[in-house]
Amino acid sequence: MAGKQKRRLEDLSVDEFLLSGFDSAGESEEETPKQNGLTKKKKDQKSATSNIDETREGKASQHKQQLSRLQNKDPEFYKFLQENDQTLLNFDDTDSSDDEVEKKYHTLPSALEEAGSGDDDDNGQEASKQSKKSVETIKVTDKMIQDWKAAMKKEPSPRLFREVTQAFKAAVATTKGEGGGQCRYKVADSSVFNALVLFCIRDIYGALQRMLNLKAVKDQKKLVLPSSSQKWQKNQIDIKMYLSGVVQLLSCLTESTVISAVLRHANQLVPYYLCLPKQCRHLMKQLMKQWSTGEETSRVLAFLALNKICRHKQETYLNPVLKQMYISYVQNCKFTSPNVLPMINFMQRTLTEMYSLDTQVSYQHAFIYIRQLAIHLRNAMTMKKKETYQSVYNWQYIHCLYLWCRVLSSLHPSDVLQPLIYPLCQVIIGTIKLVPTSRYHPLRMHCCRALTLLSSSTNTFVPVLPFLLEIFQQVDFNKKPGRMSKKPINFAVILKLSKVNLLEKAYKDGLIDQLYDLILEYFHTQASSIGFPELALPTVIQLKGFLKECKVANYCKPVRQLLEKVQENSSYITGRRQKAAFGVADASAVAAWEKQMQEEGTPLSKYYSQWKKLREKEIQLEISGKERMEDLDLPEIKRRKIQDKKAEDKKEFKDLFQSDSDSDEDDGALKIGGKKGAHKYDDDEDDDDLEDMLDMSDDEGMEGKDSDDDEEEGASKAPQPLTSSALIKLAEGGEDLVEDLELSDDD
């Protein structure tokens, strides 16, 4: 069996030997079926690989045989190959596609690489990247900008626009300190930066329009979107980069003139922003910031851009923009001063303009915010705490009331907003009645002015006069003022008066002026009404009663003039309506009559127009006068304190009058103590009064010194003792004079 096994192994080929294994015959008989299955798989794999090798070798030998037969079939071509391509003829079987096999099947490397070799490669790659950056970064110069400008004017191309956009991106990156690390260009000089930004602001918009073949539309209300151009997709990435750069530049600027220039440019680019929602949202964020916190010109330009965006994309942007603008308005109304008041009025007018774009959306906002104001008022009326009162009696609340009065007045012929007039009037009247004291008279004036605006614009009767006439009963105008004040009280920028203000003469003077203005303004709104005489009757009775009681001529004069104008208008309306041929129930005829009266004009309306012009001139003169006083650099007089003066005097006369030093010190102590008491008495007074008292004390001190000098002079001029001869002459006296007496008839 052993010899047979040896002979059989000798007869086997290498592949058969490897597949057969090294086990003995007995062991092979005892193999499990599982091992037989594995050997079968191995046999199949080996046979497949051997077949692949045989086919490769067969193809190579066949190709060589074809080349050898070519010598007999076409000797000329074979000769040509010998002269020109020896490698093709010297073909070898071993040159089969070993490389292809290596690529197809993974082979292990002969030796493993060390860990340090990878770090060297990374360092080499970083060095190569840095070298590439240094090569690619181009410094922008004035000459390059001039060349770009000339090329843009001649014929703008996408490649040129890409270069300018990348340079602009690098310039904007320097504003945030990034240095433009990933940019192709580098802007290092401030003059180059200014020239590049100026070039982009002036020329890029026109170049984009020509490059995209966009024609200008005559009708400004219609907007042609750049996305309609065939070249939009090709240039979209560069345009997006440029628009992002404009927004980033706008966020970094601080100079108002530069901000205004960039805002004008952004206003031109609004159609491009509308095609890119993400960039448009970023732009609107910056526009909102400029509208609420910027300079006057910047505010106007930002509003124009916002209005343009919302007008053409109402369904997308109007709702969030209105919400954000209202929040910004409330935040800016927290404090009110003569300087801030024009800005608040501008925000009110622009917000009203935005609400006019869509009355349906405006109704939703107005309903929510008026309801919110009503909830604050209800909490204040029910809880009656200081915190709840303060939530209503503040500038934000009052300015919000006035805003909604302006919105409803401006958009009056609107069936959508009409139902909001009544609840708004109720909220304002409730605000007036919440704390009806004299200290809140300025707040009452603001509420009455808002109600007058709402009543006149919406043709709605609102009883405003009772709240104004009530002030005549609350304030005693005959009472002498407790103290004098230098400055008049500006009722336009205050809500609450202090206890000291109530004692001042300026308070009553300002109150009479405000009452005159508001009553006249309200009667002007009702001057052409057919029921004016009945409306004015309670006011006429109360004004006559005030004139009987008041003894101050300065207060009686304006009230008497107002009474005369109201009575004149009442008699005029009474005379005209007596000639009317229609009844009170004919509403259309009454409306036509009132319209005719309004067109013709009444005595009160004519007087009001003249008074309004004069009043506006007075306000302008007051403002300009304040500005002139602020511009003057008046010298400041620095006064030395009395104690400092006495200390210096003591130093000067220290060596003199040493015997009287104790008595002087005692007198000084008494005087200082007296002045301390005076200061304690005046702690509640203003700083101006303290300064006046100090000035008066200085003058009294000077007068005291003058009186001491007069006493010394009188002592020096004391009478001397008389001699005996002088006494005899004094006793004899002068000669007696006899005069004739004139007696009257009665005697």
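Keep in mind the model is a prediction, meaning the values are calculated, not measured.

Here is what the cut-offs are and how they apply
Residues numbered from 1 in each chain as written. Predicted model: local features only at pLDDT ≥ 70, side-chain atom pairs only at ≥ 80, totals over all residues. Heavy atoms only, no water. Phe/Tyr/Trp six-rings, centres within 6.5 Å; stacked < 30°, edge-to-face > 60°. Helix = DSSP H or I, 4+ residues; strand = E, 2+ residues; numbered from the N terminus. Buried < 20%, exposed > 50% of the residue type's maximum accessible area, 1.4 Å probe, protein only. Axes fitted to C-alpha atoms, helices over the stretch in contact; angles between N-to-C directions. Parallel < 35°, antiparallel > 145°, perpendicular 65-115°, else oblique. Left-handed = near helix turned anticlockwise from the far one by under 90°. Contact = heavy atoms within 4.5 Å. Nonpolar A, V, L, I, M, F, W, Y, C, P; charged D, E, K, R; others polar. pLDDT = per-residue confidence, 0-100. Expected span 1.5 Å × (residues − 1). Bend = angle between axes of the 7 residues up to and from the residue. Lys, Arg positive; Asp, Glu negative; His and termini not counted. Salt bridge = Lys/Arg side-chain N within 4 Å of Asp/Glu carboxyl O.

Here the focus is the packing of aromatic side chains. With the rule as written, the count across this model stands at 18 aromatic pairs. Centre to centre, the rings of Tyr-205 and Tyr-272 are 6.4 Å apart; their planes meet at 85°, and the pair counts as edge-to-face. In this pair, Tyr-205 is assigned in helix H11 (residues 190–211) and Tyr-272 in helix H14 (residues 270–274), connecting sequence segments 67 residues apart. Classification of Tyr-205 by relative accessible area gives partly exposed; the value is 24%. Relative to Phe-546, the ring of Phe-477 lies with its centre 5.5 Å away and its plane at 90°, an arrangement referred to as edge-to-face.

Right, let's talk about the packing of helix H21 (residues 395–410) against helix H22 (residues 421–434) for a bit. It is at 11 Å that the axes of H21 and H22 come closest, and there the two elements cross at 150°. For the element pair H21 / H22, the angle class is roughly antiparallel. Here H21 and H22 pass one another in a crossing that is left-handed. Counting all contacts with H21, which are made through Tyr-397, Ile-398, Leu-401, Trp-404, Cys-405 and Leu-408, the residues of H22 involved are Ile-421, Leu-424, Val-427, Ile-428 and Thr-431. Taken together, the residues of the contact of H21 with H22 sort by class into ten nonpolar, one polar and no charged.

All right, on to unusual backbone geometry then. Most peptide bonds take the trans form, and the phi angle of most residues other than glycine is negative. Here the phi dihedral of Asn-213 falls at roughly 60°; this positive angle occurs in a residue that is not glycine. Assignment of secondary structure puts Asn-213 in the loop between H11 and helix H12 (232–252). In the Ramachandran plot, Asn-459 falls in the positive-phi region, its phi being about 55° despite a non-glycine side chain.

Before going further, it helps to spend a moment on the confidence of the model for the protein chain. Across the protein chain, the average pLDDT comes to 77, with 67% of residues at 70 or higher. In the model, residues 52–57 has pLDDT below 50 throughout and makes one contact with residues more than four positions away in sequence or in other chains. In this model, residues 736–747 is a region of pLDDT below 50 whose contacts with residues beyond four sequence positions or in other chains number zero contacts.

Bringing H11 into the picture now. Between its first and last C-alpha atoms H11 spans 29 Å; for 22 residues at 1.5 Å apiece the expected length is 32 Å, and the two agree. Largest kink in H11: about 45°, centred on Asp-203. One or two steps after H11, the chain reaches Asn-213, where phi turns positive at roughly 60°.

The next thing to look at is the packing of helix H16 (residues 296–312) against helix H18 (residues 341–355). Running from amino to carboxyl end, H16 crosses H18 at an angle of 10°, the nearest separation of the two axes being 11 Å. Classified by the angle their axes make, H16 and H18 are roughly parallel. Considering how the two elements wind past one another, H16 and H18 form a crossing that is right-handed. Counted together, Arg-299, Val-300, Phe-303, Leu-306, Asn-307 and Cys-310 of H16 and Met-343, Phe-346, Met-347, Thr-350, Glu-353 and Met-354 of H18 form the full contact between these two elements.

With that settled, the discussion passes to the side chain of Arg-406. Mapped onto the elements of the fold, Arg-406 is located in helix H21. Notably, Arg-406 is buried but unbridged: the nearest opposite-charge side chain belongs to Glu-353, and the N-O separation is 10.0 Å. In this structure, Arg-406 is in contact with Gln-348, Arg-349, Thr-352 and Leu-453, ignoring residues within four places of it in sequence.

Attention now moves to the side chain of His-441. Inspection of the secondary structure assignment puts His-441 in helix H23 (residues 441–458). A relative accessible area of 0% places His-441 in the buried class. When residues no more than four places from it in sequence are discounted, the contact partners of His-441 are Ile-471, Gln-474, Val-475, Tyr-507 and Leu-511.

Look at helix H28 (residues 553–578): 37 Å from first C-alpha to last across 26 residues, which is about the 38 Å you get at 1.5 Å a residue. The complete set of buried residues in H28 reads Tyr-555, Cys-556, Pro-558, Val-559, Leu-562, Leu-563, Val-566, Asn-569, Ser-570 and Ile-573.

We now examine the environment of Tyr-555. Residue position: Tyr-555 is located in helix H28. Judged by its relative accessible area of 6%, Tyr-555 is buried. Not counting the four nearest positions on each side in its chain, Tyr-555 is found in contact with Phe-477, Lys-505, Lys-508, Asp-509, Ile-512, Phe-546 and Cys-550.

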